[in-house]
Amino acid sequence: FVYRTIRQSLTDMEDMFGLLAVPLEVDDKDEARPLKLAHGEVAFEGVNFSYEERRSILHDVTFSVPSGKTVAIVGPSGAGKSTVVQILARFYDLSDGEMELGGQPAEDFTRHEWARAVSVVTQEPVLFSGTVAENIAYGGCGAWSRDDVERAARAANAHEFIRELPDGYDTVLGEGGDIQLSGGQRQRVAIARALLKDAPVLVLDEATSALDSQSEALVQEALARLQEGRAVVVVAHRLSTVVGADEVVVLEGGAVRERGAHAELVARGGLYASLVNAQHLVVSGM
């Protein structure tokens, strides 16, 4: 048994060091320097992107999201929505074109500064092995008091259920804990993390698509607080969640096919209208 354990540990270590040796998809350029968090619009200008040399995913994508506004990215399956999220998070460098924040090219930010400037809330948020408080404070990129953590949790509609956990904010979650949170609870912890981070850009990637109606109502209320004063990009399959966006950008085949407000695009009778009709979305009373 001991021999098998040692052999497995050595194999795991080999895999770990192999992973650490993999080159980063995005690295700081020599001229990149720490910048102050830039409030203002986030913009794609003529963005092209390919995961592989022969597999082009995005084609000349251009849109901008001013501070305090919400832009929804929608489209059929395979349109490139997830790729837009990954680029906004700077998981990859662009093949061509420019991404800017507050008028500054993304390449001018160090990876650490970009991570501080952009919050991403996904459908399946990651909770780390640690306490609830540690999971929330992780988003702050710095030292935060328990009062700061609890204020963020209250704003995220998470404080009440956290208080009822066995050890409250000191309850261990993730791989090291036995407590399993529901999807709605996990989302609210992730929103509290983003609130504490206070980044000027917020990316919501299908953030409520897997929730029941009661959980969704609590999460949507928390998201409304989180979106205040930020440049918000909402990526969604359920079009009912993007009706109130300032602008809807419709992707198809990696290119922008339509842009405009929800009502305008429905009236136009194009691709967006067909997606709305396919979901039997009620559009009256807007």
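For the structure, see preceding data.
Residues numbered from 1 in each chain as written. Predicted model: local features only at pLDDT ≥ 70, side-chain atom pairs only at ≥ 80, totals over all residues. Heavy atoms only, no water.

Undergrad: Tell me what's going on with unusual backbone geometry, and back it up with residues and numbers.
TA: The phi dihedral of Arg90 falls on the positive side, at around 60 degrees, and the residue is not glycine. Here Arg90 shows up in the loop between helix 2 (81-88) and strand 4 (96-101). Phi at Asp198 is positive, roughly 55 degrees, even though this residue is not glycine. Among the structural elements, Asp198 can be located in the loop between helix 7 (183-197) and strand 9 (201-205). (Helix = DSSP H or I, 4+ residues; strand = E, 2+ residues; numbered from the N terminus.)

Undergrad: So what about the nonpolar core? Which residues, and what values?
TA: Ile136, Ile191 and Tyr272 are the most contacted members of the largest nonpolar core, which totals 45 residues. Considering every element that reaches this core, the biggest residue donor is helix 7, with six residues. Excluding anything up to four places from it in sequence, Ile191 contacts Val121, Ala156, Val219, Ala222, Leu223 and Leu226. Counting residues in each nonpolar core, the second largest holds 31 residues, with Val85, Ile87, Ala231 and Val235 among its members. (Core = buried A, V, L, I, M, F, W, Y, C linked by side-chain atoms within 4.5 Å. Buried < 20%, exposed > 50% of the residue type's maximum accessible area, 1.4 Å probe, protein only. Contact = heavy atoms within 4.5 Å.)

Undergrad: Just give me the short version of the pairing of strand 10 (residues 231-235), but keep the residues and values in it.
TA: Counting buried positions over the five residues of strand 10 gives five, a clear majority of the element. Pairing of strand 3 (residues 70-74) with strand 10, which is carried by four bridges, proceeds in the parallel orientation. When the sheet's bridge partners are listed, Thr70 is paired in strand 10 with Val232. Strand direction decides the pairing type here: strand 9 and strand 10, joined by five bridges, are parallel. When the sheet's bridge partners are listed, Leu202 is paired in strand 10 with Val232. (Pairing = 2+ DSSP bridges.)

Undergrad: Provide a residue-level description of the sheet that holds strand 12 (residues 255-260), including the pertinent values.
TA: With mixed pairing, six strands are arranged side by side in an open sheet as 6-9-10-3-11-12. A strand with exactly one partner marks an edge of an open sheet, and here the two such strands are strand 6 (118-122) and strand 12. Pairwise comparison of adjacent strand axes, ignoring direction, gives a mean angle of 20 degrees for this sheet. (Axes fitted to C-alpha atoms, helices over the stretch in contact; angles between N-to-C directions.)

Undergrad: So what about the pattern of salt bridges? Which residues, and what values?
TA: Inspection of every chain in the model, using the stated rule, returns ten salt bridges. One salt bridge connects Arg151 with Asp148, and the closest N-O pair in it is separated by 2.5 Å. With Arg151 and Asp148 both in helix 5 (residues 146-155) and three residues apart, this pair spans about one turn of that helix. The exposed category is assigned to Arg151, whose relative accessible area is 52%. With its nearest N and O atoms 2.5 Å apart, the salt bridge here joins Asp198 to Arg230. On the criterion of sequence distance, the pair formed by Asp198 in the loop between helix 7 and strand 9 and Arg230 in the loop between helix 8 (213-227) and strand 10 is long-range, its members being 32 residues apart. Of the residues examined, Arg230 reaches a relative accessible area of 9% and is grouped as buried. (Salt bridge = Lys/Arg side-chain N within 4 Å of Asp/Glu carboxyl O.)

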